[in-house]
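# Descriptive analysis of the structure
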Amino acid sequence: MNSLIIFSLLIALMLTGMPISIALGLTVLSFLFTMTSVPIESVALKLFTGIEKFEIMAIPFFILAGNFLTHGGVARRMINFATSMVGHWHGGLALAGVMACALFAAVSGSSPATVVAIGSIIMPAMVRQGYPKGFGAGVITTSGALGILIPPSIVMVMYSVSTNTSVGQLFMAGVIPGLLLAFFLGLTTWFLARKHNYPRMKKATWAERLVAFRKSAWGLLLIVIVMGGIYSGMFTPTEAAAVSAVYAFIVAVFVYKDMSLKQVPKVLIDSAAMSAMLLYIITNAVLFSFLMTSENIPQAMAAWILDSGFGMISFLLVVNILLLLAGNVMEPSSIVLIMAPILFPVAMKLGIDPVHFGIIMVVNMEVGMCHPPVGLNLYVATGIAKMGITELTVAVLPWLMTMIGFLMLITYVPIISTWLPRLIYN
């Protein structure tokens, strides 16, 4: 009964158009002060202790690094390198877009940042080459979603905070699924380009490829620094985030010189605003999680599912449907912070690997970012492509179907997610 009241209140507040963070906070406070005798001091204490986790510090640093890279010419050089490698295939420029998104995802940790950085450069170039606008927008909208699957990933950090799962293991678990999804999106792109006979580019020589690689090497080196540093034990994921922010600043301002020192304060302010928004959501989500636990809702849900005879296969199917539906009304950070504490205990009771479950949640978030009404990538791409949301929704369908098929593969073949972390951490 209590769970029904809590979720009804949360949905009612969200339907008023209230931001998800405020709706969460108001739901918790309204329920605690009217239906329970929890002292107000414990609520205030939980607000502060909830974000006292060292891992949370990684979020502002990865956002800052992503913003430096977005404005600092790294994306353009990555596109040039990707184009030199795959530009001569069917749909070469579009394939270069997929490859560039995968590379940029490995340094930014954010899907919207990947769409902006790669899309704003490659989509106008595709239109100039004769590609339909919808094709280019579809490619970049969905490939940009790789930003939260290929490590480092802000959404993975949030899952780690919600469930106490190792960030390092999650990052490692995202490598193979991320590369596999990039391959499938590239395959879909190539198939459509071949079918419609879209333009191909002149094949680059190995000398030209080497030059393009050399120019993009400073950006690509960040992947080696972050991932190599974490897995060699030189620094934690949070320290890696701080290192990546400093490195991105040096590359953007002093190496590539595409950003002047005058632009740095604006990047810092934009990053601080985005970080504050995410931290406010986390704070209220921690409070919501505290309410769920104090009312024994996750435990009751786990008991009900087990008593109902749900097995691992049917539970994961229900989880996917639930998360895809949630993706219609909420953005990824909120979904992970609300759903993970509820679903995670049930998954553990059914013997599902916590890292595998995290990757399932992240892939669901990717799909949610590419369909309306709340798909962040869609809204970012509409601004770049100057297309209506309905037109763009139709344009992304072939890649969206590919992503849903990939979600099923990841859900029921756990070794794709768990093989690499087990190899490194065992």
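Refer to the preceding data block for the structure.
Note that the structure is a prediction, hence the values are computed from the model and not measured. (Residues numbered from 1 in each chain as written. Predicted model: local features only at pLDDT ≥ 70, side-chain atom pairs only at ≥ 80, totals over all residues. Heavy atoms only, no water.)

### Here we look at the side chain of Ser160
To keep things clear, this is the line we draw: Here a helix means four or more residues in a row that DSSP labels H or I, a strand means two or more in a row labelled E, and each is numbered from the N terminus. Classification of residues uses two cut-offs on accessible area relative to the type maximum, computed with a 1.4 Å probe and protein chains only: under 20% is buried, over 50% is exposed, and between them is partly exposed. Contacts are residue-level and defined by heavy atoms, with any inter-residue pair within 4.5 Å sufficient.
Here Ser160 lies in helix H9 (residues 154-163). Residue classification places Ser160 among the buried residues on the basis of a relative accessible area of 3%. Setting aside chain neighbours within four positions, we find Ser160 in contact with Glu55, Thr165, Ser166, Val167 and Leu170.

### Focus: the nonpolar core
Note the cut-off: Nonpolar cores are built from buried Ala, Val, Leu, Ile, Met, Phe, Trp, Tyr and Cys residues. Side-chain atoms within 4.5 Å join them into one set.
Core analysis: the biggest nonpolar cluster contains 150 residues, and Ile118, Phe135, Phe315 and Phe357 have the highest contact counts within it. Per-element accounting of this core gives the leading share, 13 residues, to helix H6 (residues 92-108). Leave out the neighbours within four places in its chain, and Ile118 touches Ala75, Ile79, Gly97, Ala100, Cys101, Phe104 and Ile140.

### Comments concerning the environment of Phe7
Mapped onto the fold, Phe7 is located in helix H1 (residues 2-15). In the structure, Phe7 is positioned 145 residues away from Pro152 in sequence and 32 Å away in space, judged by C-alpha atoms. Filtering out sequence-adjacent residues up to four positions away, Phe7 remains in contact with Phe288, Met292 and Ile342.

### Considering unusual backbone geometry
In the segment running from Pro151 into Pro152, the intervening peptide bond is cis, with an omega of 0°. With respect to the helices, strands and loops of the structure, Pro152 is situated in the loop between helix H8 (133-143) and H9. Unlike most non-glycine residues, Asn164 shows phi in positive territory, near 60°. Tracing the chain through its elements places Asn164 in the loop between H9 and helix H10 (167-173). Residue classification places Asn164 among the exposed positions, given a relative accessible area of 66%. Positive phi values are uncommon outside glycine, yet Asn197 reaches one of about 55°. Its relative accessible area of 60% is what places Asn197 among the exposed residues.

Any functional reading would require information that these geometric values do not contain.
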